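Here's the letter readout for the chains.
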Protein chains: 2
Amino acid sequence: MKSFKQMTKEELLEVKEQLDKEYSEAAAKGLKLDMSRGKPSSKQLDLTRDMLDVLNSESDMISENGLDIRNYGVLDGIPEAKKIMADILQVSPDNVIVCGNASLNIMYTLVSNAYSFGVLGNEPWCKQENVKFLCPAPGYDRHFAISELFGFELITIPMKEDGPDMDLVEKYVNNDPSVKGIWTVPKYSNPQGVTYSDEVVKRFAALKPAAKDFRIFWDNAYIIHDLYDDKKDTLLNIFDECKKTGNENLVYEFCSTSKVTFAGAGISAVAASDENIAAIKKVMGIQTIGFDKINQMMHARYFKNVEGVYEHMKKHASLLRPKFEAVLNIFNDGLKDLDIATWTNPLGGYFISFESMTGCAKAIVDKCAKAGVKLTGAGATFPYKKDPNDSNIRIAPSFPTEEEMSEAAKLFVLCVKIVSAEKLLENM
Amino acid sequence: MKSFKQMTKEELLEVKEQLDKEYSEAAAKGLKLDMSRGKPSSKQLDLTRDMLDVLNSESDMISENGLDIRNYGVLDGIPEAKKIMADILQVSPDNVIVCGNASLNIMYTLVSNAYSFGVLGNEPWCKQENVKFLCPAPGYDRHFAISELFGFELITIPMKEDGPDMDLVEKYVNNDPSVKGIWTVPKYSNPQGVTYSDEVVKRFAALKPAAKDFRIFWDNAYIIHDLYDDKKDTLLNIFDECKKTGNENLVYEFCSTSKVTFAGAGISAVAASDENIAAIKKVMGIQTIGFDKINQMMHARYFKNVEGVYEHMKKHASLLRPKFEAVLNIFNDGLKDLDIATWTNPLGGYFISFESMTGCAKAIVDKCAKAGVKLTGAGATFPYKKDPNDSNIRIAPSFPTEEEMSEAAKLFVLCVKIVSAEKLLENM
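The text that follows walks through the structure, step by step, so that each part is easy to find. (Residues numbered from 1 in each chain as written. Chains lettered and ligands numbered in written order. Predicted model: local features only at pLDDT ≥ 70, side-chain atom pairs only at ≥ 80, totals over all residues. Heavy atoms only, no water.)

**Here's the deal with the pattern of salt bridges**
- Tallying each qualifying case throughout the model produces 42 salt bridges over all chains.
- The residue D76(B) makes a salt bridge to K82(B) at a minimum N-O spacing of 2.8 Å. Each member of the pair, D76(B) as well as K82(B), carries the same accessibility label: buried.
- D176(B) is paired through a salt bridge with K132(B); the nearest N and O atoms lie 2.6 Å apart. Taken together, the residues D176(B) in the loop between α6 (166-175) and β6 (179-184) and K132(B) in strand β3 (residues 132-137) connect sequence positions 44 residues apart.
- Here D176(B) falls in the buried class, since its relative accessible area comes to 18%.
- Overall, K132(B) belongs to the buried group, its relative accessible area being 12%.
- One connected set of salt bridges, linked through shared partners, spans D46(A), R49(A), D68(B) and R70(B). (Salt bridge = Lys/Arg side-chain N within 4 Å of Asp/Glu carboxyl O. Buried < 20%, exposed > 50% of the residue type's maximum accessible area, 1.4 Å probe, protein only. Helix = DSSP H or I, 4+ residues; strand = E, 2+ residues; numbered from the N terminus.)

**Structural notes on unusual backbone geometry**
- Between N190(A) and P191(A) the backbone carries a cis peptide bond, its omega angle lying at 5 degrees.
- Within the fold, P191(A) resides in the loop between β6 (179-184) and α7 (198-205).
- A cis amide bond, omega 5 degrees, links A137(B) with the succeeding residue P138(B).
- Take P138(B): it is sitting in the loop between β3 and α5 (141-149).
- Although it is not a glycine, Y188(B) adopts a positive phi angle of roughly 45 degrees.
- Relative to the assigned elements, Y188(B) resides in the loop between β6 and α7 (198-205).
- The phi dihedral of D390(B) is positive, around 45 degrees, even though this residue is not glycine.

Following this line, the structure appears as structure tokens:
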């Protein structure tokens, strides 16, 4: 097939007529498919079904440190869980706090603490004028929503192939004392699946923030979420790099088992420097009586150690990989030569990031919705939900079955073609 | 025995000599007992051991509303859990959000939300000068700690036999717009075991706050924690009273199963008006991806309904009652006629509140500690941990065994006598 851009108006109109017909037929099927959310599928959740057998009425309820996990006590997690989460993050257990069921809530809490009480003795952000947060975009909407809720100014940092535009990050962070934080998903980023290069990580660790209370929110959500056994991205350990630059207080790192065991019923963790951990614990002792230690123990006994987690992640990969590949094949078959879109081929994570022609994303999402295929709202991956180019669409292949996913992807491709043709015709 | 206050100096010296001898003997035993924390005992925790059998790899994982409890989704709790928590609080499920493992964390979050974002469109507390919180005292130290952390001014409200001094509460709340909240434990209060009278509840509901963003933090922690089957305090439903006065937005109510199932691994709930619930959810949707629905389901299937919870609480009562009675008998036997102390005889909750002579509490706590019996720090039950009379001591009989508890109580009585005698001798 000729690329759309090479076609004459007449050729394009002819193609569009055929596509419209196909769309009408597809819409008539009454599809009800959802590619919008990075949710594990039932089959993935079934993988840890037997975790629910690990603790029962006969189980030993005493943790390594002698504590009855059914009672009050311990703020930073039982040692068994701390060890595993620390091993996942490749830091010392002393630098880890195991928290509740949502790492997002820890991120929120640390922003909220900084806002209300300040970071390590600095003035609370609520007393400072014009706090700014850097938002590499496309990125994770829930990150941006936290900083927007607090009324911070969100500054879009373009994502490049190896991570955020570090020239821009350095310019802002090293010169503007009102820049207090940056959101990152350093491995298999949401939505592009980009893993930050060694150089990018080193440049993060070498930042010289104008603000003493600047923090990097290093959301390592997909740290062990590879799709392939033989092709894996690797990410430098940010804390190792920060040690070299003497910048150990610069980073809060997060992860969870939401996409390892049960989504929303896993355990989460924050890792930070000694000084940061001490400060977090001090406030945490007032914020809560501690986190659910029974769930921590269930996780720890189930996996035994980090190797157990790694082995388990291969099972997730084997369920996710075919879905990613099905979508990518359909994109490739349907769009490869048309010169109207690009998309990412991630080696891990939960998303494919799709770039349409400028000004087409919203229309594509709407057109899919009208035919029964739900996508993440266009713009959701940008601060204030506003994609300046109206071109990015986040594709989440995990939740539907492979067959549903294929059907949804085909409909999506159809909508991309129609909307792109309409766009090109506008200017002819 | 003569009352200490009727004794001559010589008589008192003679008594003290004997007491000192007894103390030396007791101290030599090397006791290691803890009456400091309102923790359930192992036997109480054993009561719900079989709750861990409720969910296993064979279990249905779909909630009433069709949701897979292992996946993301639902912010305010699964319907099964909402129903039970609503029935405990005697409100509609629509007015309940089931949260995570610690009701303290919901309280913190609502204070934090008010501080950062304001209450129902009012100016955030962080932008207001000199925020004040009323603290009925003796009260719960963790409540006071939250408001202290935010830098609010804590105002002590004396507790009376039927609740806080409402004349004072009304004076502050109805006249001072910088008074933004009051902490309450309306049933079997911590530490006195006081249940607010109907009149007190009605006066709370009839408050006409000078501040539009004033809220009552109604921590109904011991709402179903009766010690006796035939003698129970009853508390008016604050929301029913608020409906009558048209003040439905005035109250946030809290409860949890921390002292029903597992301490720190239960589920919690907040109840509030439609308008308050909507506002809480709006922020909550950014604060977290939702709470642990597997734990919610485990609780719901275990108890089936609120009657199941009530039946279960009788088992707790039968374990707690003998401990309370043992302590009270020892206090009675040892101190009744001496006119140096008073104490409460609660019908529920987790504590006995002890009033020594003015200026003796700290010395008693220290003397107990030296002989191996740990008590809650003197002053802990007051704002800023400062008891103006240095007279209140919180006794927590739940955690030790009955035998340990008796031994600890005897040592405590001995210390009370010695410190009181010393105090009286000082002024002779």
